[in-house]
Amino acid sequence: MSDESRQGILEALEAALAGSPAPAAPAFPAPASPAAPDWPALAREITGNGGRFALARSAAEARGALASLVKAFAVQRAVLWDHPALVRLGLAETLAAAGVEALPPDLSPAGFLEAAAECGLGITACDAVILESGTLVVVARPGQERATSLLPPVHLALITRETELLPGIPDLAPWLERQRDARGRPPSAIHCITGPSSTADIELVKVRGVHGPTTLAVVAVEENA
Amino acid sequence: MSKPSGFAARAARACADPQLQANLRAAALHFQGNQAKAFAAFPGGAAARDLARDVKDAALAELPSLLRRLEAQVAALGGTVHWAADAAEACAILVDIATEAEASTAVKGKSMVTEEIALNPALEAAGLEVYETDLAEYIIQLAGEPPSHIIAPAVHKNRRQVGELFHKRLGVEYTEDPTELTKIARTTLRRRFLRADLGITGANMVLADTGTLVLLESEGNIRMSTTAPRVHVAVVGIEKVLPGPAEASAVLRVLARSAIGMKMSTYTSFLAGPRRDHERDGARAFHLVLLDNGRSRILADPELRQVLRCLRCGACLNFCPVYEKAGGHAWDNPYCGPIGTCLAPLLGQGSGRDLPFACTGCGACAEVCPVRIDLPGVIAALRRKAAAEPGFGDPAQPGGPPLSAAAAGMFARLAGSPALFRGAATLARTLDPGLGLVSRLSPGLRAWTRTRKPPRLKTPFSTSWPALARQLKGEGGDA
């Protein structure tokens, strides 16, 4: 059934296009030059989207930001990415010191989502940030799950020296091209996050925290300062 | 082409519902304000729209080769591509996928195309439990109603109606606080997500070069539907395919601004095939259903082809004066507003031949369209096509053109002779300035004025202009 339809659709499309003049080729804008971090401007975008922003001038300040987040939201369990920046900053140690139970990194896939749904906090790094829109870009990989930035009510996203700063939305395109692996495959999932989960479906009243996090906290870490 | 749909009667009912009128007015102000603010703060907005238009036109011109490339790439990622000529075939494919996966429950991310193919009844008939998970879609599923707006499907309901619905259908204590109501939906649906076998979504774009879906949303229902269930099925119209990330970001630049007034939607997800080895979440199996359902017919008509550029942002609805009065249900189609007027008669079996005649031709929709679809031009073309059909203008057919042939002929005679027109207008102005008498006497005009307000015939502009011009120049005047 589907094979017949496949052929029928492709033939209909070819017939439909036969003799049509070629449309104008899209004129894409020239790529912007790499941006220097303008933290106040990024903070305005992120808070404008309903997120929180803090600048940490050292690893210790980043740990302090995590500790105060844990306290403010009375976090008891957390799920965090297995990521070099999180290890370098010593965030797991901060959680342990605050008495927060972190999901074991070797948890089986079968129980992972249910366990992540019980966590009060999810911690990820950012693979990239779009400065124009205050958008955080996270890539799914083994140990860096999709659910970490989705299921817990609070998402802490860290901008670190691994994070690429993209000036505008058009600059996402070459960045996406660079994410392809040796076989040309893109990652299985890339999520661009612009503010906490929200809706305006009841009388257009903005409500935060529908299916995703109610709170999005961004900490930019200047590790070398 | 298609049958008339009774738009006028449904619009009249909507106009007589004060609560609905208030909801529609509030929604129009909200969405218009957001869109206007977003583009006012977007200096490159005009060029960005031109680019989005060119990107869509270029992709449509190479649709067959893009679809072949997409198919190969999805297969290389371990996904399966299905082709559906029409709605019935698409539904049958989904039922087969569900049966083969031994699925008993499905969660759906917000999608227009699954409304277009009426997927839910088909899946339910096959014994599946289907849950809409976008808050508005969930509300109208509980209420047993169709959507009334492309991006805000429950915009016709107010908080009291939602509160009563949740109280009645979910057994929760009555509340009309939107935050509390949202929490109730979050808790109820969280369980559904984690237990569902099948996640069903549409897609805003599909990228041929890498077999990637691009999905936009605010709530996270689409992320949940593609993260938790073991099987993900995306149903996508064939016109949604683009080459790659450059084209996608050109569309992203205008899409969220037009839909909700944000630079980017809360979540924009790029999904490529099932989860990879050692990943702990995401669907284990991925199916892509490519749907024609009339789209190849639209492509074949040079007058109509541009309709396929549509990104489903909903901006044309938000600025349409007819939508603001009639509401989305008057279209009796998942696609409403100006774009619904174009799509309803062309997709599937075609319905709503009368819809193009409800357009005032004001052109506001074309002004705000992010891909510059000439909606009034397409609607005029659809009127001409409808008028050329046998049986057109037959008063026995409900929802035909509002002007009888006799009235139209009379108007043509008047309009063809300036002297005669001026005479008739002067006479009417003197005797019947509200055209009340004329509309009672002329059946054609009566039909016309049922859904439209006739102009008040006062002093013509040509007569009052000299005085007005003096006034504008600050010389005073007596007009």
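Reading the values: the criteria
Residues numbered from 1 in each chain as written. Chains lettered and ligands numbered in written order. Predicted model: local features only at pLDDT ≥ 70, side-chain atom pairs only at ≥ 80, totals over all residues. Helix = DSSP H or I, 4+ residues; strand = E, 2+ residues; numbered from the N terminus. Buried ≥ 20, exposed ≤ 12 C-beta atoms within 10 Å, placed from the backbone. Contact = placed C-beta atoms within 7 Å. Pairing = 2+ DSSP bridges. Axes fitted to C-alpha atoms, helices over the stretch in contact; angles between N-to-C directions. Parallel < 35°, antiparallel > 145°, perpendicular 65-115°, else oblique. Left-handed = near helix turned anticlockwise from the far one by under 90°. Domains from an automatic or database assignment. Nonpolar A, V, L, I, M, F, W, Y, C, P; charged D, E, K, R; others polar. Expected span 1.5 Å × (residues − 1). pLDDT = per-residue confidence, 0-100.

## Quick word on the overall build of chain B
And then number 1: A tally of regular secondary structure across chain B gives 23 helices and ten strands.
And then number 2: The buried share of chain B, reckoned over its 479 residues, is 52%.
And then number 3: Taking the contacts inside chain B whose residues are at least 6 apart along the sequence as the reference set, 74% of them involve residues at least 24 apart.

## Focus on the interface of chain B and chain A
And then number 1: On the side of chain A, 66 residues touch chain B, which itself brings 75 residues to the contact.
And then number 2: Per element, the largest residue contribution to the side of chain B that touches chain A is eight residues, and it comes from helix α10 (residues 178-195) of chain B.
And then number 3: The pairing of strand β9 (residues 189-193) of chain A with strand β9 (residues 267-271) of chain B spans five bridges and is antiparallel. When the sheet's bridge partners are listed, Ile193(A) is paired in β9(B) with Tyr267(B).

## Regarding the packing of helix α3 (residues 45-61) of chain B against helix α12 (residues 245-260) of chain B
All names here are of chain B.
And then number 1: The geometry of α3 relative to α12 is characterised by a closest axis approach of 9 Å and an angle of 135 degrees between their N-to-C directions. With respect to α12, the element α3 is oriented oblique. Where α3 crosses over α12, the two elements pack in a sense that is left-handed. Where α3 approaches α12, its residues Ala48, Arg49, Leu51, Ala52, Val55 and Ala59 are matched on the opposing element by Glu247, Ala250, Val251, Arg253 and Val254.

## Things to note about the domain arrangement of chain B
Residue and element names in this part refer to chain B.
And then number 1: The domain boundaries assigned to chain B delineate domain 1 (1-41 + 315-401), domain 2 (64-295) and domain 3 (405-472).
And then number 2: Inter-centroid distance (C-alpha atoms) of domain 1 to domain 2 is 25 Å.
And then number 3: Taken residue by residue, the interface counts 22 residues in domain 1 and 24 residues in domain 2.
And then number 4: Listing elements by their share of the side of domain 1 that touches domain 2, those giving two or more residues are α2 (18-40) and α14 (315-318).
And then number 5: Ranked by residues supplied to the side of domain 1 that touches domain 2, first place goes to α2 with nine residues.
And then number 6: Partitioned by chemical class, the residues of the side of domain 1 that touches domain 2 number 13 nonpolar, eight polar and one charged.

## Section: α2(B)
All names here are of chain B.
And then number 1: With 23 residues, α2 ought to run about 33 Å at 1.5 Å a step, and its terminal C-alpha atoms sit 33 Å apart, in line with that.
And then number 2: Burial in α2 covers these residues: Leu20, Asn23, Leu24, Ala27, Phe31, Asn34, Gln35 and Phe39.
And then number 3: The elements touched by buried residues of α2 are α1 (7-15), α3, α12, α14, α15 (321-326) and α17 (364-368).

## Looking at helix α4 (residues 63-76) of chain B
Residue and element names in this part refer to chain B.
And then number 1: Here α4 is 14 residues long and its end C-alpha atoms lie 20 Å apart, about the 20 Å a rise of 1.5 Å per residue gives.
And then number 2: Leu63, Leu66, Leu67, Leu70, Glu71, Gln73 and Val74 are the residues of α4 that are buried.
And then number 3: Looking one or two residues beyond α4, the residue adopting positive phi is glycine 78, at roughly 95 degrees.

## Section: the sheet that holds strand β8 (residues 164-166) of chain A
And then number 1: Read from one edge of the open sheet, eight strands run β8(A)-β5(A)-β6(A)-β9(A)-β9(B)-β6(B)-β5(B)-β8(B), paired in mixed fashion. In this open sheet, the two strands that pair with only one neighbour each are β8 of chain A together with β8 (241-242) of chain B.
And then number 2: Alignment of strand β5 (residues 128-130) of chain A against strand β6 (residues 135-139) of chain A, held across three bridges, turns out to be antiparallel. Note on β6(A): the bridge partner recorded for Ile130(A) is Thr135(A).
And then number 3: With respect to the sheet, α12(B) is in contact with β5 (205-207), β6 (212-217), β8 and β9 of chain B, its orientation differing from that of β5(B) by roughly 165 degrees.

## Some words on the confidence of the model for chain B
All names here are of chain B.
And then number 1: Per-residue confidence for chain B gives a mean pLDDT of 89, with 83% of residues at or over 70.
And then number 2: Taken together, the stretch residues 402-406 has pLDDT below 50 and engages in 13 contacts with residues farther than four places along the chain or on a different chain.
And then number 3: As a predicted assembly, this complex carries a pTM of 0.89 together with an ipTM value of 0.98.

## Here's the deal with the sheet that holds strand β4 (residues 198-201) of chain B
Residue and element names in this part refer to chain B.
And then number 1: Taken together, six strands build an open sheet; the order of strands is β1-β10-β7-β4-β2-β3 and the sheet is parallel. For this open sheet the edge positions go to β1 (80-84) and β3 (129-132), each flanked by a neighbour on one side alone. Within the sheet, the average angular offset between the axes of one strand and its neighbour, ignoring direction, is 20 degrees.
And then number 2: Pairing between strand β7 (residues 231-237) and strand β10 (residues 285-291): seven bridges, direction parallel. By the bridge assignment for β10, alanine 234 is matched with leucine 288.

## A look at the pairing of β10(B)
Residue and element names in this part refer to chain B.
And then number 1: β10 sits mainly inside the fold: six of its seven residues count as buried.
And then number 2: Examined bridge by bridge, β1 and β10 share five bridges and lie parallel to one another. Paired with tryptophan 83 across the bridge in β10 is leucine 290.

## Here we look at the pairing of β6(A)
All names here are of chain A.
And then number 1: In terms of burial, β6 is largely enclosed, as four of its five residues are buried.
And then number 2: What sits between the antiparallel neighbours β5 and β6 is a turn of four residues, in which glycine 134 has the positive phi angle 65 degrees.
And then number 3: As judged from the four bridges shared by β6 and β9, these two strands associate in the antiparallel manner. Looking at β9, one finds that valine 139 is bridged to isoleucine 190.

## Here's the deal with the packing of helix α8 (residues 135-143) of chain B against helix α9 (residues 159-170) of chain B
Residues and elements named next belong to chain B.
And then number 1: It is the contact of α8 with α9, at a shortest axis distance of 10 Å, that shows an interaxial angle of 60 degrees. Between α8 and α9, the angle falls in the class oblique. In this structure, the crossing between α8 and α9 has a hand that is left-handed. Taken together, the residues of α9 that come into contact with α8 (itself represented by Ile139, Leu142 and Ala143) are Val162, Leu165 and Arg169.
And then number 2: Grouping the constituent residues of the contact of α8 with α9 by class yields five nonpolar, no polar and one charged.

## Concerning the environment of Thr94(A)
Residue and element names in this part refer to chain A.
And then number 1: Along the chain, the position of threonine 94 falls in helix α5 (residues 91-97).
And then number 2: For the pair threonine 94 and valine 70, spaced 24 residues apart in sequence, the C-alpha separation works out to 9.7 Å.
And then number 3: Non-local contacts of threonine 94, meaning those with residues more than four positions away in its chain, are made with Arg63, Leu66 and Ala67.

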